[in-house]
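This is what each chain is made of:
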Amino acid sequence: MKIRACFLPLALLFAAFAATPMWAQSAATPAAYAIKGGKVFTLTGTPIENGVVIIRDEKIAAVGAGVAIPSDAQVIDATGLEVYPGLFDPITQIGLTEVSAVSATQDISELGDFNPELVAATAVNPASAHIPVTRANGITEVIAAPGTAGFDSQAGGIIAGQASAFHLAGWTMDEMQIRRSVAMVINWPSIQTRTFDFSTFSIKEKPYSDVKKEYDKAVNQLSDWLDRARHYAQAKEKGSPALYERDLKLEALVPVVEGKLPVLVIADEERDIRNAVEFCSKQNLKMILGGGADAWKVKDLLKEKKIPVVLGPTERLPEQEDTPYDKPMTQPSELFGAGIPFAFSSFGAAFSRRLPQYAGTSVAYGLPHDEALKAVTLNAAQIFGLSDQLGTIEPGKLGNVIVTNGDPLEIQTQVRYLFIEGRLTSTDNRHRELYEQYRKRPQAAR
Amino acid sequence: MKRVNLWIAFLLAAGAPLATSAQNPSTVFIQNATVLTVTHGNIEHGSILIRGGKIAALGADLKAPEGATVIDATGQFVIPGIIDCHSHIAIDGGVNEGAPAVSSMANIKDVLNPDDIDIYRDLAGGVTSANILHGSANPIGGQTVVIKLRWGKPASELPFEGALPGIKFALGENPKHSNFTMPPGVPARYPGTRLGVEEVIRQAFTEAREYKKQWDDYNQRKAAGEQNLIPPRRNEQLEPLVEVMEGKRYVHAHCYRTDEILMLIRVANEFGFKVRTFQHVLEGYKIADEIAAAGAGGSTFSDWWAYKMEAYDAIPYNAALMTERGVVVSVNSDDAQEARQLNQEAAKSMKYGGLSANDALKLVTLNPAIQLGIDNRVGSIDVGKDADLAIYDHDPLSVYAVVQRTLIDGKVYFDRQRDIAQRAELEKEKQALLDKEKKANEEKKSEEKQEKKPEQKKKPPKSDSADGAIARGAL
C-alpha cells in the first residue's frame, strides 16, 4: 500500500492509458523513459540493485546503477519493484485465431500439405483480444507459427508455412513486425497407428505397414520439394529470367535449402525426433525442434547435432503410461544439464499468458531459476536469430521491458509497467474491462 | 494421442511397485509442518495426529505417541487434500452416452476404472477426492459419482462413502452439438438451440413428476393396506430425476452463458429442486447475485477462455468476483493434467481479483467439499475429519511447490521419494519384459523361417522394439 501511494501520479497517468483501446499515446509520448530504483535483472550478469534503465527511440539506451537520468525522460519509479526483459513466447497462434471452435476466426492451418510460401504475418489480426490479454502477463513478443495445433489439430500440412515474430502492441502488423519470416514450419510426419478421428469422435486404428507407407511417401515428398528448391536456386542463379518459370513455393524454400532460414520441425515422439534430426542433417537444414516431448530420450543426438528445442507446456501429462509422472516438468532441467539450448513456449493463444507458469513449474522440478528466466526471454531470441534485438536488457536492444512486483515466474506476480519497442504500453485488456464492468453491477433484485 | 502400452498393463496386473500398497498403521504423526487448516488459520511447527484414518488432534505442542508412524514434515506445508469438483479420470472408455438427449439412465459409477494411471498422477498433484462426471453431450447427462483417489484399490472402494450421487446436466453449445459435425449418414439430434435445451429438461421433469406421482399413489395405497396392487413400471431414465426433485441427488450443470444459467434456475424453481453446482459457469461473474440467491455453487476454471464462442467472455477474475458476491466457488480441472496443478490455479484468484491466500486455498479444498456435500468429512484440517492431506515442500500457492506426500484416510497413497526410488526397478522390469518379448518374437520368426513361408521374406519394420510392440499391439 505504501508503495502504491508514492506511485499515485503515475497511477493516474496509467489509468489514462488504460482508457485507450491501444497502447499509443503519440502526442503525450515522452522522448525517453528512465526506470529507476528497481532491481534490474538484465540477464547478462548479476542483477543490479537500485538500477536505472534508460529507454529512448524504441531502444534501451543505458543500464546501470549510477546512470544519469536525462532531463527529457519521464521517470518511472520502480522502487521496490523488479525490472526484466519482456517475455518471449516463440511458438503461438496469436493473431491467427480468436475463438478456437469458430472456424471463421481460424487462420492457422491452410489446406494442402506443402505451403512454404505462406507467411503467418499476412493474417495476424492486430485487433485480436488475445494480444492485450497476453501482454498483460508480461509477454512482449511472440512468434506466430502456421499449421501448429489449433482446434482442428490434424490439419496443418507438412510444410505449413513461415513463422513470423512480432511485438504484442501496435496498430498494424507492419508496425508490430519484428521479422516477417523467422522459420519454416515443418510438421514432421508421425508414424501413428492410432489416431483420433474428429469426424466420428473415435480412435481409428491402421496397420503399421500402411502407416509406414504413408510416412515414407510423405518424407519422399518432402525431400523432393527440397531437391526442386535446390534446382530452382541453381537455375535462378545461373540462368536469365527467361530460363526458368517463377515458382512462389520453390522460391520460398530457397532460403531453407541455402541454410539461411531455419526449419522449425514439430515432433514429439522419440522415433519422430530421431527421424527428423537424421533427415535435416542429411539435407543440411538448420533445424529447431518444436514440441520435443521425448527430447529427454534423445539428448545425445540433439547435443551432437546442436539442435535447440522449443518445448511445449511443461504442465502436461507424460507421453506414456509408464513414463515418470513428473517427466514433462523435470525434462527442462535434464536438457539444461545436457547443455541443450531450449526455450519454453505455450504452443497456443489463449494459454500464452501461462508461459511464466510453465517456466516456474520447471524450476520447482530442478531447473535453476536464472535458466528458466532465460528460457522465456533470451533463449527464444537466440534460437530464432533475434538476440541482437531482444532477450536481455542491454543498450542497443529494443525496449521490451517489464516492471513487476516480484518474480515474473511466480503466479501471483503482477506486471506493473510494460514497455514494448520503448513505449509505455497499457496492460489493460478485455478481461480486466469485463471485470470492472460487471464488478460495478448493482446488487440484483431478489 | 495417448498410446496404449502393453507392458504397463503387465506391470499393473502384477501389482508392480507403482501401485502403492498403502500401509495401514493405525496411528500416524505428521510433525513440524506449517499446517494450513483452511478453517482456523495456519499452525507453524504444527503436528497432526491421525488415528484410524481420522484427524485425532492437531497443534503446535503435540508429541508423537509411542508406536506411531512419524512423518517428518519439517519445512513443509500440509493442506487438506485437494478436491476436484469436475473430473473425468478413472472412467473406462467414453464419458458421453451421446445418443439420447436425456441419458440419466447411464451411470459413471458402473464404469469406474481403478487402473487409470491418471488417478495416480492426480494423486501426485495432491488431489484426494474428485467429482467424476459424465460428459456434456446431453441436456440431461448421466449419473455421477464422487471418489477418493485410492490408487491400488478396486473400483468398489473408490466411491466416497456417503457422498450424495449426482447427475450431469449440460447447457449451451455442447448439448446442441455446435462444435462438431455428425459423420455422414448420422442425422442431427434434437435439440439444436438453447431453446430446445430448456424444452428437453422441462419435458423430462414433467414426465418425472408424473412418474413420481404414480409411485407416490402406489405407495400410499399400499401403505393403506390395499391388496393386489400392480406397481408402476420402473423407469431408469426418470428415477434419477425423481431423486433430484426429492433432494437425494445433486445436479451439476455444465454451463457458460448467463441466459442459460438463469434458464436452469427458473426450471429448477418450477420443478422444486436446486442446482447444486453450476460447472464451468464462465459468465457466472455477470450474474453472481442470482446464482448466490439460488443457493447454487459455482465450479469454474482459473483462466481458460476463447476455446469456443460461449467461452469468449470468460475472465480469470470469475472465481474472485463470484466469491465477492457470496457464491461458494471452486476451481476445477476438467482435465487430468490441470488437476495436477489445481494449487497453482487457485493461486490465480489472488492475482486476478485479490482473494486472500486462505480464500484461494478454499477454492480447491473446503469449497468443493461444500459443493459436494462432503465438508463434514473433508475439505479442511479439523479434528474428526478424514485424514486426507497433501504435503508440499513450499507454500502450496506458489508455482514452486511440489507435492511430497498425499494421504487418504491417513494412509500414504503417494510418496514422491518412494516414487523416485522405484523408477530404476520399474525400468529394469520393463526392460526384462521387452527382452522377453523380443526373444519370443525371434523364436517365432526362426520357426516360421524353417517353415519357409514366402511372405516372411518381408522385412520387419525398421524400428525399435518398443514401437514395434505398439504397432503389433495396435494390429
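Remember, it's a predicted structure, so these values are computed and weren't measured experimentally. (Residues numbered from 1 in each chain as written. Chains lettered and ligands numbered in written order. Predicted model: local features only at pLDDT ≥ 70, side-chain atom pairs only at ≥ 80, totals over all residues. Heavy atoms only, no water.)

## Some details on the overall build of chain A
Just so we agree on the cut-off: Labels follow the DSSP assignment, with helices taken as runs of H or I lasting at least four residues and strands as runs of E lasting at least two, numbered in each case from the N terminus. We take the radius of gyration over the C-alpha atoms and set the globule estimate at 2.2 Å times the residue count to the 0.38 power. Only protein chains enter the calculation, and the probe is 1.4 Å; a residue is then buried if its accessible area is under 20% of its type maximum, exposed if over 50%, and partly exposed in between.
Tallying secondary structure elements over chain A gives 13 helices and 18 strands in all. The C-alpha radius of gyration of chain A comes to 23 Å, within 12% of the 22 Å expected for a compact globule of 446 residues. A principal-axis box enclosing the C-alpha atoms of chain A has dimensions of 70 × 65 × 45 Å. Scored against the burial criterion, the 446 residues of chain A give a buried share of 59%.

## Overview of the interface of chain A and chain B
Heads up, the condition is: Between two residues, a contact is recorded if the distance between any of their heavy atoms is within 4.5 Å. In this description, buried area is defined as the sum, over both parts, of the accessible area (probe of 1.4 Å) that is lost when the two are combined. What makes a salt bridge here is a side-chain nitrogen of Lys or Arg within 4 Å of a carboxyl oxygen of Asp or Glu, nothing more. Side-chain atoms alone can form a polar contact between residues adjacent in sequence; in general such a contact is a pair of N or O atoms within 3.5 Å, and within protein one must be able to donate a hydrogen while the other accepts it.
Listed per partner, the contact involves 64 residues of chain A and 70 residues of chain B. A buried area of about 6,300 Å², summed over both sides, lies between chain A and chain B, and 53% of it is on carbon and sulfur atoms. Of all residues in chain A, the largest losses of buried area upon contact with chain B belong to Glu321, Tyr325 and Ile411 of chain A, amounting jointly to 13% of the total for that side. Across the chain A-chain B interface, the total number found is nine salt bridges. The tally of links between chain A and chain B comes to 41 residue pairs in polar contact (both at pLDDT 80 or more).

## Some words on helix H7 (residues 270-282) of chain A
Residues and elements named next belong to chain A. Put simply, the test is: One less than the residue count of a helix, multiplied by 1.5 Å, gives the span that helix is expected to have.
For H7, spanning 13 residues, the distance from its first C-alpha to its last is 18 Å, which sits close to the expected 18 Å at 1.5 Å a residue. Taken together, the buried positions of H7 are occupied by Arg271, Asp272, Ile273, Asn275, Ala276, Val277, Phe279 and Cys280. Asparagine 284, located one to two residues past H7, shows a positive phi value of around 60°.

## Re the pattern of salt bridges
Using the criterion set out here, one finds 56 salt bridges over all chains in the structure. Arginine 416 of chain B is the partner of aspartate 326 of chain A in a salt bridge, and the nearest nitrogen-oxygen pair spans 2.7 Å. With aspartate 326 of chain A in the loop between strand E14 (309-311) and helix H9 (327-337) and arginine 416 of chain B in helix H11 (residues 416-450), this pair bridges two chains. We note that aspartate 326 of chain A, like arginine 416 of chain B, is buried. Between aspartate 313 of chain B and lysine 286 of chain B there is a salt bridge; the shortest N-O distance is 2.6 Å. Of this pair, aspartate 313 of chain B sits in the loop between strand E12 (297-300) and helix H7 (318-324) while lysine 286 of chain B sits in the loop between strand E11 (277-280) and helix H6 (288-293), and the two are 27 residues apart along the sequence. Summarising the burial analysis for this pair, aspartate 313 of chain B and lysine 286 of chain B share the class buried. Residues joined in a network through salt bridges with shared partners are Lys54, Lys148, Arg150, Glu161, Arg377, Asp386, Asp388 and Asp409 of chain B.

## Observations concerning the packing of aromatic side chains
Short version of the rule: Between 30 and 60 degrees the pair is tilted, below 30 it is stacked and above 60 it is edge-to-face, where a pair is any two Phe, Tyr or Trp rings, Trp via its six-membered ring, whose centres lie within 6.5 Å. When the NZ atom of lysine or the CZ atom of arginine is within 6 Å of a ring's centre and also within 35 degrees of its normal, the charge is said to sit over that ring.
A full pass over the atoms with the stated rule returns 24 aromatic pairs over all chains. With a centroid separation of 6.5 Å and an interplanar angle of 80°, the aromatic rings of phenylalanine 169 of chain B and phenylalanine 273 of chain B are classed as edge-to-face. Taken together, the residues span a long stretch of sequence, with phenylalanine 169 of chain B in strand E9 (residues 166-170) and phenylalanine 273 of chain B in the loop between helix H5 (258-271) and E11 at a distance of 104 residues. The class of phenylalanine 169 of chain B is buried, set by a relative accessible area of 0%. Judged by its relative accessible area of 5%, phenylalanine 273 of chain B falls in the buried class. Taken together, the ring pairs in this structure connect Phe351 of chain A together with Tyr256, Phe301, Trp304 and Tyr307 of chain B into an aromatic cluster. Positioned over the ring face of tryptophan 296 of chain A is lysine 327 of chain A, at 4.0 Å from the centre of the ring. Lying across the ring of phenylalanine 351 of chain A, arginine 354 of chain A places its NZ or CZ 3.9 Å from the centre.

## A look at a nonpolar patch on the surface
Residues and elements named next belong to chain B. What counts here: Surface patches are defined over residues having more than 30% relative accessible area and no salt bridge, joining like charges when they lie within 9 Å and nonpolar side chains (Val, Leu, Ile, Met, Phe, Trp, Tyr) when within 5 Å. To measure how exposed things are, a 1.4 Å probe is used in the Shrake-Rupley method; for residues, cover is taken only from the protein chains shown.
Residues Phe180, Met182 and Val186 make up a contiguous nonpolar surface patch of roughly 220 Å² in combined accessible area. Relative to the assigned elements, methionine 182 resides in the loop between E9 and helix H3 (194-223). Taking relative accessible area as the criterion, methionine 182 reaches 31% and is therefore assigned partly exposed.

## Concerning the pairing of E12 of chain B
Residues and elements named next belong to chain B. Keep this limit in mind: Only when DSSP finds a minimum of two bridges between them are two strands counted as paired. Convention used here: a crossover is right-handed provided that the path from the first strand, over the helix, to the second strand proceeds clockwise when the strands point away from the viewer.
Of the two faces of E12, the one lined by Gly297 and Ser299 and the one lined by Gly298 and Thr300 are each fully buried. Where E11 and E12 come together, three bridges link them in parallel fashion. When the bridges of E12 are listed, threonine 277 appears paired with glycine 297. Considered for its hand, the β-α-β crossover made up of E11, H6 and E12 is right-handed. In this sheet, strand E13 (residues 329-331) lies alongside E12 in parallel orientation, the contact comprising three bridges. By the bridge assignment, serine 299 is partnered in E13 with serine 330. Considered for its hand, the β-α-β crossover made up of E12, H7 and E13 is right-handed.

## Here we look at the sheet that holds E13 of chain B
All names here are of chain B. Going by this rule: Note on geometry: axes are lines fitted to C-alpha atoms, helical ones only across the stretch in contact, with angles between N-to-C directions running from 0 to 180 degrees.
Reading across the sheet, the eight strands line up as E6-E7-E8-E9-E10-E11-E12-E13 and stay open at both edges, with mixed pairing between neighbours. Two strands close off the open sheet at either side, each with one partner strand: strand E6 (82-87) and E13. Along the sheet, successive strands turn relative to each other by an average axial angle of 25°, direction set aside.

## Digging into the packing of helix H5 (residues 208-238) of chain A against helix H6 (residues 248-257) of chain A
Residues and elements named next belong to chain A. Our working rule: Small angles under 35 degrees read as roughly parallel and large ones over 145 as roughly antiparallel, with 65 to 115 read as roughly perpendicular and the rest as oblique. Only Asp, Glu, Lys and Arg are considered charged, only Ala, Val, Leu, Ile, Met, Phe, Trp, Tyr, Cys and Pro nonpolar, and every remaining residue, Gly among them, polar.
Interaxial distance between H5 and H6 falls to 8 Å at its minimum, and their mutual angle equals 95°. On the basis of the axis angle, H5 is roughly perpendicular to H6. From H5, Trp225, Leu226, Arg228, Ala229, Arg230, Tyr232, Ala233 and Lys236 reach across to H6, where they touch Lys249, Leu250, Glu251, Leu253, Val254, Val256 and Val257. A per-class count over the contact of H5 with H6 returns 10 nonpolar, no polar and five charged.

## Quick look at the environment of glutamine 76 of chain B
Relative to the helices and strands, glutamine 76 of chain B resides in the loop between strand E4 (69-72) and strand E5 (77-80). For the pair glutamine 76 of chain B and isoleucine 132 of chain B, spaced 56 residues apart in sequence, the C-alpha separation works out to 30 Å.

## As for the nonpolar core
What counts here: We call a set of buried residues a nonpolar core when its members are Ala, Val, Leu, Ile, Met, Phe, Trp, Tyr or Cys and they connect through side-chain atoms within 4.5 Å of each other.
In this structure, Trp188 and Leu302 of chain A together with Phe169, Phe205, Phe273 and Phe278 of chain B are the most contacted members of the largest nonpolar core, which totals 170 residues. When residues in this core are grouped by element, the largest group, 11 residues, is from H5 of chain A. The contact partners of phenylalanine 169 of chain B, leaving out residues within four places of it in the chain, are Asn138, Pro139, Ile140, Gly141, Ile201, Phe205, Val251, His252, Ala253, His254, Leu264 and Phe273 of chain B.

## Observations concerning the environment of leucine 149 of chain B
Residues and elements named next belong to chain B. Within the element layout of this structure, leucine 149 appears in the loop between strand E8 (140-148) and E9. Distance in space between the C-alpha atoms of leucine 149 and tyrosine 413 is 8.5 Å, their sequence separation being 264 residues. Setting aside residues no more than four positions away along its own chain, leucine 149 makes contact with Ile89, Ile119, Asp122, Leu123, Val127, Thr128, Ser129, Ala130, Ile408 and Tyr413.

## Points about the sheet that holds strand E6 (residues 87-92) of chain A
Two strands in a sheet stick together by hydrogen bonds in their backbones, pointing the same way (parallel) or opposite ways (antiparallel). Residue and element names in this part refer to chain A. Overall, mixed pairing links the eight strands, which are arranged E6-E7-E8-E9-E12-E13-E14-E15 in an open sheet. The outermost strands of the open sheet, each flanked by one partner alone, are E6 and strand E15 (342-344). For this sheet, the mean angle separating the axes of adjacent strands, direction not counted, is 25°. Pairing of strand E12 (residues 263-267) with strand E13 (residues 287-291) involves five bridges; the strand directions are parallel. When the sheet's bridge partners are listed, valine 265 is paired in E13 with leucine 289. Sheet strands touched by H7: E12 and E13. Its angle to E12, the strand with the most contacts, is close to 160°. This element, H9, spans E14 and E15 of the sheet and lies at about 155° to E15.

## Overview of the confidence of the model for chain A
This is how the line gets drawn: Along the chain, pLDDT gives the predictor's confidence residue by residue, from 0 to 100.
With 90% of its residues at a pLDDT of at least 70, chain A reaches an overall mean of 91. Across residues 1-26 of chain A, where pLDDT falls below 50, the model places 36 contacts with residues more than four positions away in sequence or in other chains.

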